[in-house]
Amino acid sequence: MSLEIKDLHAQIPGREILKGLNLIIKPGEVHAIMGPNGSGKSTLSKVLCGHEDYEVTSGEVLLDGENILDMAVDARSRAGLFLAFQYPHEIPGVSNANFLRAALKARLPKGEDIDAVKFYKQLYARMDQLEMDRSFTSRSVNEGFSGGEKKRNEILQLMMLEPKYAILDETDSGLDIDALKIVSRGVNAMRSENRGFLVITHYQRLLNYIQPDIVHVLKDGRIVKTGGKELSLELEERGYDWVTEEPLAAAA
Amino acid sequence: MVSAPDSTLELPVTEANDISDIRVDSVGDFTFPERNKFDSGFGITEKTIDYIADVKGDPDWIREFRHKALKVFQEKPMPTHWATKDLENIKFDEFRYYLSDGQKPKRSWDEVPEDVKKTFDRLGIPEQERKFLAGVEAQYDSEAAYSNIKAAVEEQGVIFVNSTEGLHKYPEIFKKWFGKVIPTGDNKFSALNSAVFSGGSFIYVPPGVKVKHPLQAYFRINSEQFGQFERTLIIADEGAEVMYMEGCTAPKFETATLHSAVVELVAMKGAKIQYVTVQNWSSNVFNLVTKRGIAHEDAEVRWIDCNIGSRLTMKYPGVIMKGRRARGEVISIALANSGQHQDTGAKMVHAADDTTSNVISKSISIGEGRATYRGLVHIPKHLKGCKNNTECDALLINPNSRTDTYPAISVRGNQHATQHEASVSQVSADQIFYLMQRGLTEAEAMSLSVNGFINDLVKEFPMEYSVELKRLIDLEMEGSVG
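Considerations on the overall build of chain A
For step 1, the next point in the chain: Helix and strand counts for chain A come out as eight helices and twelve strands.
For step 2, the next point in the chain: Relative to a compact globule of 252 residues, whose C-alpha radius of gyration would be 18 Å, chain A shows 18 Å and is just as compact.
For step 3, the next point in the chain: In terms of overall dimensions, chain A has C-alpha extents of about 55 × 40 × 35 Å along its principal axes.
For step 4, the next point in the chain: Scored against the burial criterion, the 252 residues of chain A give a buried share of 41%.
For step 5, the next point in the chain: Relative to all contacts within chain A whose residues are 6 or more apart in sequence, the contacts with residues 24 or more apart total 71%.

Set out below in structure tokens:
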């Protein structure tokens, strides 16, 4: 059981961005990927989820042994992959509650519906954990939300959908310290032996609250260094320039 | 024998073995064999008019009215100087203008002929009636097959019959308003309707009576190469209130079908009429409808209009605000899929001081579908205190979709307030990616986005209709991605 990325190459027309990326995330582990701007961090998250702007030219991504690269975006989601977006989209006119119900219903056999009472009970409990006002259930998805509210809403979706593997793409960007604490608390509540996390971030700050087991440095489309959480502190202090590729890191 | 077209969806059936063998690809796509005792034949001439007048037993004034209308129809050119050239593809010689089995409308559901009953059973009419309607009329081709009004409503003096019965039984009310809101010569298709009209509802609500539950009519085209020309006249007397709802379907034929209705509403002093339409025509129907209401002092006329399907719909519900403080409103939703053109809008004519009109229009274009908004707001110079608000929003689903807006606002004088807002938005690839990342299929993601776009308008619909509307949109979306 793992999310296994093998020698992944991906490009947008005319430019290769991921250049042979290797990574194995096991359930129960929290991996952090750090790296300078333009290193391919956000590309990685989108490629894993199947965004149509990126073409995978070689490599494999196995979710618990199954290659997901041939699967459509929605099938990957239902297989257990979740992405907390850096810039969550607004869906005008669709309430948060209806959106979550539709997403949960999409996981049931055709024709079946979710138990509304159970759903709201769980939803309210999760919202309380994220200190979200109940009025968010009837508000349109992300419409008019502040940056912090949008990020909290992403974590709410994560908590409701309970994926096997969750990718957090720059979840800390645009958050003040209070919001960062709340969001981290939500993520930490979801840490479990059955769930793997990939936390993508530019700054070390987030990792004070979501403590990673393993830290990777992404540079120019490849993982160039892997270490424990102390690596993130070192990066914070020294920046990214000193990191050079260690050939063996790929095997970590 | 029934048609069995390409199938993706199985409908729930009410009786065990009657129609379970039919599968259909849209809600209304099935037919039963024709059993017409009366058939006016193809084309439209003086003889067609006399045939219809004879079969219906028209009084002389109606026969004369029809003949005059035929002349107007024949003389008027197609309005292609502003409207789509597709109108030229209507071959008037290839339609039949009157078809009926010669039976009187039934008051009891059990007496309705089997095929007709099955048709409306499948479309959910009897359940709806039991659940939330004050009265129902179901029209099959040219004539009503079923007509019923709840006793409690009838006891209040409310009249709800088909137009033929209306003009025979209540000539004094009928004649006073018939053809007064929309004159024969209003346009080529109102003239055509005036010549060959059959069916449609006649409603009269006495002073002060507020009909609690909606009255509903259901229009069904069953026969090929046929034109349906219902005529509806609704009068709400002083202080009366009524809500009327209509639904329309037709099966998919190889050839074109024509639907050309005329609907006239009269709201007397302080009265309130709401007219709700949800139509789901198949994609070969030319749907060319004239709808207009008069609102007297302190009265309100409200059109809630939802257009799905058809090859070409041209429909601009209007309100003439004739008395002081009268209000007019048009709320419309149009969904144009590939091969469809929804040319819809509103006409607001302010003819008294302190009148208020509101137009909210939302259109959705899918694939190569085309949605056009045409609006007319007229406020003459001698009036004061008139207000108009117009909002039209268009949503494009694909790069090939098309939307056009033609607002015509003529406001004279400087004692009025008007505002016009228009927007065009597109469902972005990133929005769909976001929704699909949460597990929704592409069709579900589209459908949710579209439902979100019209959500604030759907709230205006009665609950049963908003559920139906959502289902129709889901069906359209399922068929449009793949």
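Having put the structure on the table, let's press on.
Concerning the nonpolar core
Residue and element names in this part refer to chain B.
For step 1, the next point in the chain: In this structure, Ile-203, Ala-236, Val-242 and Ala-267 are the most contacted members of the largest nonpolar core, which totals 202 residues.
For step 2, the next point in the chain: Considering each element in turn, this core owes the most residues, eight residues, to helix α10 (residues 442-458).
For step 3, the next point in the chain: Leave out the neighbours within four places in its chain, and Val-242 touches Ile-203, Val-205, Val-211, Leu-215, Ile-234, Ala-236 and Ile-273.

Observations concerning the interface of chain B and chain A
Accessible area lost on assembly of the parts is the figure often given for the size of an interface.
For step 1, the next point in the chain: Between chain B and chain A, the residue contacts involve 18 residues of the former and 20 residues of the latter.
For step 2, the next point in the chain: Here the residues of the side of chain B that touches chain A are counted per class, giving seven nonpolar, seven polar and four charged.

Side note on the packing of helix α5 (residues 147-161) of chain A against helix α6 (residues 177-190) of chain A
Residue and element names in this part refer to chain A.
For step 1, the next point in the chain: Contact geometry of α5 with α6 gives a least axis separation of 10 Å together with a crossing angle of 10 degrees. Accordingly, the angle class assigned to the pair α5 and α6 is roughly parallel. Between α5, through Gly-148, Lys-151, Arg-152, Ile-155, Leu-158 and Met-159, and α6, the contact on the second element is made entirely by Ala-179, Ile-182, Val-183, Gly-186, Val-187 and Met-190.
For step 2, the next point in the chain: Classifying every residue of the contact of α5 with α6 by side-chain character gives eight nonpolar, two polar and two charged.

Here we look at the sheet that holds strand β10 (residues 196-201) of chain A
Residues and elements named next belong to chain A.
For step 1, the next point in the chain: Reading across the sheet, the six strands line up as β6-β9-β10-β3-β11-β12 and stay open at both edges, with mixed pairing between neighbours. Two strands bound the open sheet, and with one partner strand each, they are β6 (81-84) and β12 (222-227). Each neighbouring strand pair of the sheet contributes to a mean axis angle of 20 degrees, computed without reference to strand direction.
For step 2, the next point in the chain: Alignment of strand β3 (residues 30-34) against strand β11 (residues 214-219), held across four bridges, turns out to be parallel.

As for unusual backbone geometry
Residues and elements named next belong to chain A.
For step 1, the next point in the chain: The phi angle at Asp-7 is positive, at roughly 45 degrees, despite the residue not being glycine.
For step 2, the next point in the chain: Although it is not a glycine, Asn-142 adopts a positive phi angle of roughly 65 degrees.
For step 3, the next point in the chain: Mapping Asn-142 onto the fold places it in the loop between β8 (140-141) and α5.
For step 4, the next point in the chain: Given 21 C-beta atoms within a 10 Å radius, Asn-142 is considered buried.

Cut-offs applied
- Residues numbered from 1 in each chain as written.
- Chains lettered and ligands numbered in written order.
- Predicted model: local features only at pLDDT ≥ 70, side-chain atom pairs only at ≥ 80, totals over all residues.
- Helix = DSSP H or I, 4+ residues; strand = E, 2+ residues; numbered from the N terminus.
- Rg over C-alpha atoms; globule rule 2.2 N^0.38 Å.
- Buried ≥ 20, exposed ≤ 12 C-beta atoms within 10 Å, placed from the backbone.
- Contact = placed C-beta atoms within 7 Å.
- Core = buried A, V, L, I, M, F, W, Y, C linked by C-beta atoms within 7 Å.
- Nonpolar A, V, L, I, M, F, W, Y, C, P; charged D, E, K, R; others polar.
- Axes fitted to C-alpha atoms, helices over the stretch in contact; angles between N-to-C directions.
- Parallel < 35°, antiparallel > 145°, perpendicular 65-115°, else oblique.
- Pairing = 2+ DSSP bridges.

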